[in-house]
Every structure is written in structure tokens, then in C-alpha cells.
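# Remarks on the overall topology
Here are the chains, one letter per residue:
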Amino acid sequence: RVRFRCREAVAPGEALHNNYGPKGNGELLFTYGFASAENPLDSVEGIVVGCRKGSGRAADELHAARLQCLAEHGVPHGEEKEGTLRIGPFSLH
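Sequence order sets the numbering: in each chain, residues are counted from 1 along the sequence as written. Only residues with pLDDT of 70 or above have their local features reported here, since the model is predicted, and side-chain atom pairs are shown and tallied only from 80 upward, although totals for entire chains, interfaces and linings are computed over all residues. Calculation of side-chain values draws on the structure's entire complement of heavy atoms; hydrogens and water are dropped beforehand.

On to the overall build of the protein, then. Secondary structure elements follow DSSP: runs of H or I no shorter than four residues count as helices, runs of E no shorter than two count as strands, and numbering proceeds from the N terminus. Scanning the protein from N- to C-terminus turns up 2 helices and 3 strands. Listed by position from the N terminus, the elements making up the protein come as α-β-α-β-β. When burial is assessed residue by residue, the protein has 16% of its 93 residues classed as buried. Throughout, a contact is declared for two residues whenever any of their heavy atoms are within 4.5 Å. Long-range contacts, defined here as pairs at least 24 residues apart, represent 38% of the contacts in the protein between residues at least 6 apart. Here the protein has roughly 7,900 Å² of accessible surface; of this, 53% comes from carbon and sulfur atoms. Here's how the labels work: a residue is buried when its accessible area is under 20% of the maximum for its type, exposed when over 50%, partly exposed in between, all with a 1.4 Å probe on protein chains only. Reported accessibility uses the Shrake-Rupley method at a 1.4 Å probe radius. Residues are deemed covered only where the shown protein chains occlude them.

Here the focus is the packing of aromatic side chains. Each Phe, Tyr or Trp ring (for Trp, its six-membered ring) is paired with any other whose centre lies within 6.5 Å, and the angle between the two planes then decides the class: stacked below 30 degrees, edge-to-face above 60, tilted in between. On inspection of all chains with the given rule, the structure shows 2 aromatic pairs. Centroid distance Tyr20 to Tyr32: 4.4 Å. Interplanar angle 65°. Geometry classified as edge-to-face. Within this pair, whereas Tyr20 is found in the segment before helix H1 (25–32), its partner Tyr32 is found in helix H1, the two being separated by 12 residues in sequence. Accessibility expressed as a relative area gives 28% for Tyr20, which makes it partly exposed. In this structure an aromatic cluster arises from ring pairing among Tyr20, Tyr32 and Phe34.

Bringing the sheet that holds strand E2 (residues 77–79) into the picture now. Pairing between strands is defined by DSSP: at least two bridges between the two strands are required. Taken in spatial order, the 3 strands of this open sheet run E1-E3-E2, and their pairing is antiparallel. The open sheet has two edge strands with one neighbour each: strand E1 (49–51) and E2. Each strand of the sheet is rotated relative to its neighbour by a mean of 20°, with strand direction disregarded. Two elements, E1 and strand E3 (residues 85–87), share 3 bridges in a ladder whose sense is antiparallel. Bridge assignment links Val49 to a residue of E3, and that residue is Ile87. Whenever a helix is involved, its axis is fitted only over the stretch in contact; in every case the axis is a line through C-alpha atoms, and angles between N-to-C directions fall within 0 to 180 degrees.

For this document, the term salt bridge refers to a Lys or Arg side-chain nitrogen within 4 Å of an Asp or Glu carboxyl oxygen. Tallying each qualifying case throughout the model produces 3 salt bridges. Residue Glu61 pairs with Arg57 through a salt bridge whose shortest N-O separation is 3.2 Å. Taken together, the residues Glu61 and Arg57, both in helix H2 (residues 57–72) and 4 residues apart, mark about one turn of the helix. Under the relative-accessibility criterion, Glu61 is labelled partly exposed at 47%.

Note: pLDDT gives the predictor's confidence per residue, expressed from 0 to 100. Averaged over every residue, the pLDDT of the protein is 82; the share at 70 or more is 89%. Within the protein, H2 carries the highest mean pLDDT (90), whereas E1 carries the lowest (75).

The next point concerns the side chain of Thr84. Within the secondary structure layout, Thr84 lies in the loop between E2 and E3. Thr84 sits in the buried class, given a relative accessible area of 14%. Each polar contact in these results corresponds to two N or O atoms within 3.5 Å; when the atoms are within protein, one needs to be able to donate a hydrogen and the other to accept it, and residues that are neighboring in sequence are counted only if both atoms are side-chain atoms. Among the polar contacts listed, one links the side chain of Thr84 to the side chain of Glu82, at a separation of 3.0 Å. Residues in contact with Thr84, not counting those within four places in the same chain, are Gly50, Cys51, Arg52, Lys53, Gly78 and Glu79.

Next up, the structure:
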């Protein structure tokens, strides 16, 4: 059960609006129990995905294709000494 205290009289059936303020989905879900698919403030900071490089010619070709794809789509990335791709950090909005 949810109760709102209003400063003005509200007629039965009249719409009420609640402003939760500028919050990402994590905070909305944890605090209020819902999330919004089109929340412009929803982001994940500091996510880094690693992708190991295999050995052999096929692995080299796949590695080169991955690097090309990341560059073409503007995805932040780097490469570790042993060839592991570090993808990110990035946000989801």
C-alpha cells in the first residue's frame, strides 16, 4: 500500500504524478522497485570486458577482425601485452 500526502485536494480518479528525480535504473530498482527501459540516465560505469587471443593463424585473423570491428563502431578498447583485448569502459546510454 502506498500513501501520498497532497498539498491540494485531489478528486477521486484524478491522476497523480510522482517525480523520482534524476536516477539511473539501478537506484530506481533498488529504492522503488521498478526500472525504465528508456531511462537516459541508466549507465554502467567502469565495465571492462576481456577477450583472450588464441594461438595460430585462425586466432590471429579473428583477433584482427575483432580489432577492426571495435574500431569501426567506435568502441573503446586496448590491447594487453599478451594480446588480450580490453573492451571498455563504456556506458549503456
